[in-house]
Amino acid sequence: MESTLLEVSGLAVVMPDRGSGAKPVIEGLNLQIGRGEAVGLVGESGCGKTTALLSVLGLLPRGGRVTAGAIRFDGVDMLNSGRRTLRGILGKRIGVIWQDPLAALDPVMRVGDQISEVLLAHEQLDRRRARARVHELMRHVELPDVERLARRYPHELSGGQRQRVVIAAAIAASPELLLCDEPTTALDVTVQDQVLGLLGRLRQELGVALLLISHDLAVVREMCDRVCVMYAGRIVEQGEADRVFSTPLHPYSAGLVSSSPDVDRVGIRPHGIPGLPPGRVVDGSCAFADRCAFADSSCRETLPELAQVDGRLVACHHSLAALREADG
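Residues numbered from 1 in each chain as written. Predicted model: local features only at pLDDT ≥ 70, side-chain atom pairs only at ≥ 80, totals over all residues. Heavy atoms only, no water.

Some points on the packing of helix H4 (residues 111-122) against helix H5 (residues 127-140)
Short version of the rule: A fitted line through C-alpha atoms represents every axis, and for helices the fit uses only the stretch in contact; the resulting angles, taken between N-to-C directions, go from 0 to 180 degrees. Here a strand is any run of E in DSSP of at least two residues, a helix any run of H or I of at least four, and the numbering for each starts at the N terminus. What makes a crossing left-handed is the near helix being turned counterclockwise from the far one by less than a right angle; a clockwise turn instead makes it right-handed. Throughout, a residue-residue contact means that at least one pair of heavy atoms, one from each residue, lies within 4.5 Å. Residue polarity is assigned by list, with Asp, Glu, Lys and Arg as charged and Ala, Val, Leu, Ile, Met, Phe, Trp, Tyr, Cys and Pro as nonpolar; anything else, Gly included, falls into the polar class.
Direction vectors running N to C along H4 and H5 enclose 115°, while the axes themselves pass 9 Å from each other. Crossing angle aside, the handedness with which H4 passes H5 is right-handed. Residue-level contacts link Gly112, Ile115, Ser116, Leu119 and Leu120 of H4 to Arg127, Ala130, Arg133, Val134, Leu137 and Met138 of H5. In terms of residue class, the contact of H4 with H5 is made up of 7 nonpolar, 2 polar and 2 charged.

Details of the sheet that holds strand S6 (residues 94-97)
To keep it simple, the criterion reads: Pairing between strands requires that DSSP locate at least two bridges from one strand to the other.
Reading across from one edge, S6-S7-S8-S3-S9-S10-S12-S11 is the order of the 8 strands in this open sheet, with mixed pairing throughout. Every interior strand has two partners, whereas the edge strands, S6 and strand S11 (307-309), have only one. Strand-to-strand twist across the sheet, computed as the mean angle between neighbouring axes with direction ignored, equals 25°. Across 6 bridges, the pairing between strand S9 (residues 226-231) and strand S10 (residues 234-240) is antiparallel. Its bridge partner lying in S10, tyrosine 231 is registered against arginine 234. Helix H7 (residues 159-171) rests against S6 and strand S7 (177-181) of the sheet, and its axis sits at about 170° to S6.

Regarding the pattern of salt bridges
Pairing is possible between side chains of opposite charge, provided their charged atoms come close. Applied cut-off: Counted as salt bridges are all cases of a side-chain nitrogen of Lys or Arg within 4 Å of a carboxyl oxygen of Asp or Glu. Summary of the burial criterion: residues with accessible area below 20% of their type's maximum are buried, those above 50% are exposed, and those between are partly exposed, where the area comes from a 1.4 Å probe applied to protein chains only.
The final tally for this structure, using the stated rule, is 19 salt bridges. A salt bridge links glutamate 205 to arginine 201; the shortest N-O distance between them is 3.0 Å. With glutamate 205 and arginine 201 both in helix H8 (residues 189-206), this residue pair falls 4 residues apart, about one helical turn. In this structure glutamate 205 comes out as partly exposed when scored by relative accessible area, which is 46%. Residues joined by salt bridges that share partners form a network here, namely Arg35, Asp74, Arg93 and Glu176.

Describing H8
It helps to recall that an α-helix has 3.6 residues per turn; residues three or four apart then point in one direction. The test is simple: Helix span, as expected, comes to 1.5 Å for every residue beyond the first. In this context, the arc is that of the directions from the helix axis out to the C-beta atoms. Distance and chemistry together define a polar contact, namely a pair of N or O atoms within 3.5 Å, with one atom able to donate a hydrogen and the other to accept it when in protein, and with adjacent residues in sequence counting only for side-chain atoms on both sides.
Look at H8: 25 Å from first C-alpha to last across 18 residues, which is about the 26 Å you get at 1.5 Å a residue. Among all positions of H8, only Val191, Gln192, Val195, Leu196, Leu198, Leu199, Leu202 and Arg203 are buried. Along H8, the residues classed as buried sweep out an arc of 155° about the axis, all on the same side. The exposed set on the far side of H8, more than 90 degrees from its buried face, consists of Val189, Thr190, Asp193 and Gln204. For H8, the secondary structure elements touched by its buried residues are strand S3 (38-42), S6, H5, H7, strand S8 (209-213) and helix H9 (217-223). Two or three places before threonine 190, at the start of H8, stands the capping residue aspartate 188, its side-chain oxygen 3.2 Å from that residue's backbone nitrogen. Note on H8: the residue one or two positions beyond its end, glycine 207, has a positive phi of about 70°.

Looking at the state of the cysteines
The following threshold applies: Note on disulfides: each one is a pair of cysteine sulfur atoms within 2.5 Å.
Taken as a whole, this structure holds 0 disulfides when the rule is applied. Here cysteine 47 stays free of any disulfide, with the sulfur of cysteine 228 as its closest cysteine sulfur at 11 Å. Among the residues examined, cysteine 47 registers a relative accessible area of 3% and is labelled buried. The closest cysteine sulfur to the non-disulfide-bonded cysteine 228 is located on cysteine 224, 9.5 Å from its own sulfur. Given a relative accessible area of 0%, cysteine 228 falls into the buried group.

Comments concerning a positive patch on the surface
As a reminder, the rule being used: Residues enter a patch when their relative accessible area is above 30% and they make no salt bridge; the linking distance is 9 Å between like charges and 5 Å between nonpolar side chains (Val, Leu, Ile, Met, Phe, Trp, Tyr). Using a 1.4 Å probe, the Shrake-Rupley method yields the accessible areas, and only the shown protein chains count as cover for residues. For the charge count, each Lys or Arg is scored as positive and each Asp or Glu as negative, with His and the chain ends excluded. Where a charge lies is defined by one atom per residue type: Lys uses NZ, Arg uses CZ, Asp uses CG and Glu uses CD.
A cluster of like positive charges, contributed by Arg127, Arg128, Arg129 and Arg131, occupies part of the molecular surface. With respect to the element layout, arginine 131 can be found in helix H5.

Below is the structure:
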């Protein structure tokens, strides 16, 4: 792997819970992203993907807190550094593309001014030079008639245009890492494809690393070098994206693949995973056991740890590699 840019080690996070006061939602999370690398993070809603991203940014909601582990960006301790140090990283060396561009943008500020804020905060440009740079960035993300569009408010733009404005702001200070939280969910299919193509081009041209959170496995497979499959606050499988999606080794990974439409599997209908995820970390057993066709007593009595299986990391007592070998 390229030299490590972001390293999350042993991360544990709790969130407020009405019944118990706090519930664990992430436990023992290890995640590394190399310079220029694209890593996907997939799993059902509530598995902890966005919470992991918010932990990196120091933006956990009220009552949420990191209880263990470390987050380092290029060697800098993100959990224990002062505000000045973090200000030099967040927005400058780390950019963020949020799921809902309308919610991410200030409704009472012109979009050009919102991009300009990043430049004024991190690039030490005067307003005239910042304005010229804003127009350059808007052209770079393929927005039309940029001088007119920069004077518009977010509600006056289409969903695809708003997301391009968010991307322009995210790359304004030439970051080394982009954190992308479901960046195409609110867009129609045609615009999704355009935005994903734009992100791929930016990665190639700027050499920026990506952490891509998505429910769309086809998007992750196309965009990412590696993928981490997350369930109930833990990584259950990690490896090269093509291998994980073509021959998943964890039963949950296999369930995600089989439940996703695939144009290459003509005549094969998607099959959903029975049951519901627990919505919190489960200790002492496999959290997927109650939904897994291969579970036995060992799964309900012992927590499986991530281990090397067929060139990737898998947390399962009965990985599908062993089952395939047994089937001959």
